[in-house]
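Working through the structure, step by step
Each chain is listed here by its residues.
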Amino acid sequence: NLITYNAAVSACETGLQCSQALQLLREMADCRMDRNTITYNAVVSACQKGEQWPQALQLFREMVHCHVKRDTITYNAAVSACEKGMQC
C-alpha cells in the first residue's frame, strides 16, 4: 500500500539509494498505485542527495503531469539538486 511504499522510498532516501527509490516509484506507477507529494519528495531528495540532479528535475516536472502537488520540501530539494549540479 501507499504507506509501505512511502516508508521504503524514504529509507532509500536516507540510505542514498537513488536508483532503488526510482525503481520503487516506477513499480508504483506500473501497479497503478497513487503516488503523492510524500512519495515524490522522498525520491526527489534521494536523487538530490545522490547527485542525480537531472533525474531530480525530471521528477519535479513529472509531478505536474501526474497532478501531484509540489510543496516547500519539493522546491527545496529541486533547488538543492540544481546547486549540486551547478545548474543554478
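What comes next concerns the included structure. What you see as residue numbers is a count from 1 along each chain, following the sequence as written. Only residues with pLDDT of 70 or above have their local features reported here, since the model is predicted, and side-chain atom pairs are shown and tallied only from 80 upward, although totals for entire chains, interfaces and linings are computed over all residues. Note: side-chain values were computed over all heavy atoms of the structure, leaving out hydrogens and water.

**Thoughts on the side chain of T37**
Runs of H or I in DSSP of at least four residues are treated as helices and runs of E of at least two as strands, each being numbered from the N terminus. Looking at the secondary structure, you find T37 in helix α3 (residues 37-49). Here T37 falls in the buried class, since its relative accessible area comes to 18%. A polar contact of 2.6 Å, which involves the side chain of T37, links it to the backbone oxygen of K69. Those residues within four positions of T37 in sequence are excluded, and the remaining contacts are M63, V68, K69, D71 and T74. In this scheme, a residue with accessible area under 20% of its type's maximum is buried, one over 50% is exposed, and one in between is partly exposed, where area comes from a 1.4 Å probe on protein chains only. Two N or O atoms form a polar contact when they lie within 3.5 Å of each other; inside protein one atom must be a possible hydrogen donor and the other a possible acceptor, and for residues adjacent in sequence the pair counts only when both atoms belong to side chains. The contact criterion used is simple: two residues touch if any of their non-hydrogen atoms lie within 4.5 Å.

**Digging into the pattern of salt bridges**
For this document, the term salt bridge refers to a Lys or Arg side-chain nitrogen within 4 Å of an Asp or Glu carboxyl oxygen. Per the stated rule, a full pass over the model turns up 2 salt bridges. Between E13 and K49 there is a salt bridge, with the nearest N and O atoms lying 3.1 Å from each other. Separated by 36 residues along the polypeptide, E13 in helix α1 (residues 2-14) and K49 in helix α3 bring together distant segments of the chain. By relative accessible area, E13 is classed as buried at 16%. Salt-bridge contacts for R26 lead to E62; the nearest nitrogen and oxygen are separated by 3.3 Å. Remark: E62 occurs in helix α4 (residues 53-65) and R26 occurs in helix α2 (residues 18-30); sequence separation between them is 36 residues.

**Quick notes on the environment of Q17**
Looking at the element boundaries, Q17 is found in the loop between α1 and α2. Classification of Q17 by relative accessible area gives partly exposed; the value is 41%. Here the alpha-carbon distance between Q17 and A42, two residues 25 residues apart in the chain, equals 11 Å.

**Re the environment of I38**
For I38, the position within the fold is in helix α3. Accessibility expressed as a relative area gives 54% for I38, which makes it exposed. Remark: the alpha-carbon pair of I38 and R70, spanning 32 residues in sequence, is separated by 9.4 Å.

**Looking at helix α5 (residues 72-84)**
The first and last C-alpha atoms of α5 sit 18 Å apart over 13 residues, in line with the 18 Å expected at 1.5 Å per residue. For α5, the set of buried residues is T74, A77, A78, S80, A81 and C82. At its buried positions, α5 is contacted by α3 and α4. The distance from a side-chain oxygen at the start of α5 to the backbone nitrogen of I73 is 3.1 Å, and the residue carrying that oxygen is D71. In this scheme, a helix's expected span is set at 1.5 Å multiplied by one less than its residue total.

**A short note on the side chain of T39**
Within the secondary structure layout, T39 lies in helix α3. A polar side-chain atom of T39 sits 2.4 Å from a polar atom in the side chain of N6. Not counting the four nearest positions on each side in its chain, T39 is found in contact with L2, N6, V9, L25 and M28.

Spatial relationships are all this shows, so hold off on functional conclusions.
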